[in-house]
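Residue-level listing of the chains:
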Amino acid sequence: MDTQTNTPEHGFCRDCLTPQTDVVRRCARCGSPRLLRHPELYRLHLAHIDCDAFYAAVEKRDNPALKDKPVIIGGGKRGVVSTACYIARINGVRSAMPMFKALEACPQAIVIKPNMEKYAQVGRDVRQMMQELTPQVEPISIDEAFLDLAGTQRLHNMPPALVLARFITRLEKEIGITASVGLSYCKFLAKVASDFRKPRGFSVIGEAEALEFLKPQPVTMIWGVGKAFASMLERDAIRTIGQLQTMNQAELMRNYGSMGIRLYHLSRGSDARQVTRERDTKSISAETTFDQDFGNSDDLVPVLRALSEKVSERLKKADLAGRTVVLKLKTADFKTRTRNRQLNDPTRLADRIFATGLELLRKEINGTKYRLLGIGVADLCDAEKADPPDLVDIQSHKRALAEEAMDRLRNKFGRAAVETGYTFGKGHRGKPVRTGEEQEPDIRHPWERN
Ligand SMILES: [Mg+2]
């Protein structure tokens, strides 16, 4: 495909990828109106890809009878909307909305309980396809990731914009779901762009237009500006990013501390964060929000075990190990507790992660009720250094060998093939339901910790 002679203003067709030779309304070849053009189209290489109404899309894919119906994923005792399809959204249904309200807005909606294992599998398939485009893939959640396609033109024989468009058509054909793309020169604006024309969007924000584009936007568009911070800005009569553009860094820092630095840079479309590969992550963790609050070990320990196995699985897949085990709890009144323990040697074994997590958990079982439990490892290193045969603790070495045998079975026959004494028959695995946003913060990056 000769894209050198094609000017960005003419762009290309998102459906058949044919470069357009003129400024036209429909593709000269396939007649599609989905033409993409932008002065920086063939220069930009930083993308954010976000699947559209992911959980609902997977359910619709698996049951075509749902295609034209409003579908809500969610429910359980907490009764909130996890994901709503676009038909339900048109009727006013939103993520994290209480289910009774959602059904008031859209009584004909079909409510489906989330099937996290299925979504995780589809998420992995999508990620694998992304990694065929570039090794620089940074997953943000189960269904979205940043991709840096710099230097891949030779490999693909086409510029990043076309590679991304081709990826989306492949995703639709092979996986059966849709996604939206944001293409820009920095992470902040790539993410903003992907959100711009959902579903099936492809938006480009170039360097030349960034300041003007940001000017009228609400401050909440800036990463890290949530409701609370926005109302703080509101008290200072600041509502738009344009207002922040007129303030200098000293002034912003004086008023808003370290957040002021972020406001200064992001409001000007300046974001130096790089796309970090999965293996560059600083910690790997898994967490679960319960259907109801739990306070005793009978309920908590099996979940800890299942989550430890999940973390271990991820470590093994990424050839990583970690030296610090981190336990995370959120109390019924939304207070977060984290407890750490450093190990003598880095580990990637579920058994060690679990045993250490259990020691930490025991101290927190004191009548307090928890709504969330998480476990993870930090201080990551290469797997080579992990779990040296422990001459003193023969038992733990035996357990390590047993775990490797279990892994082999699971790889062969699937996760359900082997259950440990802790999880067997407890029915906990897969049951805890993540509520609220369609996000799985399994992988945390330094900038995500606020
Ligand atoms: Mg999404």
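The structure displayed is predicted, hence computed values, not measured ones. (Residues numbered from 1 in each chain as written. Predicted model: local features only at pLDDT ≥ 70, side-chain atom pairs only at ≥ 80, totals over all residues.)

A. Structural context of the overall build of the protein. For the protein, the count of helices and strands is 15 helices and 15 strands. Taking all 450 residues of the protein together, the buried fraction comes to 40%. (Helix = DSSP H or I, 4+ residues; strand = E, 2+ residues; numbered from the N terminus. Buried ≥ 20, exposed ≤ 12 C-beta atoms within 10 Å, placed from the backbone.)

B. Structural view of the UniProt feature "binding site: Mg(2+)" (unreviewed entry) in the protein. In the numbering used here, UniProt assigns the "binding site: Mg(2+)" (unreviewed entry) feature to D50 and D143. Spanning 94 residues, the named residues form one tight spatial group whose C-alpha atoms are at most 6.0 Å apart. If you trace the backbone, D50 turns up in strand β3 (residues 46-51). Leaving out residues up to four positions away in the same chain, D50 has contacts with D143, E144, A179, S180 and S194. (UniProt positions renumbered as here; feature names shortened; annotations may be inferred. Contact = placed C-beta atoms within 7 Å.)

C. Examining the UniProt feature "active site" (unreviewed entry) in the protein more closely. Annotation from UniProt places "active site" (unreviewed entry) at E144. Positionally, E144 belongs in strand β8 (residues 144-148). Its 22 C-beta neighbours within 10 Å are what place E144 among the buried residues. Among residues more than four places away in sequence, those in contact with E144 are H48, I49, D50 and C51.

D. Local environment of the sheet that holds strand β4 (residues 71-75). Spatially, 3 strands are ordered β5-β4-β6 in an open sheet, and the strand pairing comes out mixed. Across the chains shown, the open sheet's two edge strands, defined by having one partner strand only, are β5 (80-84) and β6 (110-112). Neighbouring strand axes in the sheet, compared pairwise and without regard to direction, differ in orientation by 40 degrees on average. Taken together, the 3 bridges between β4 and β6 define a ladder with parallel strand orientation. Residue pairing in the sheet places I73 in a bridge with I112 of β6. (Pairing = 2+ DSSP bridges. Axes fitted to C-alpha atoms, helices over the stretch in contact; angles between N-to-C directions.)

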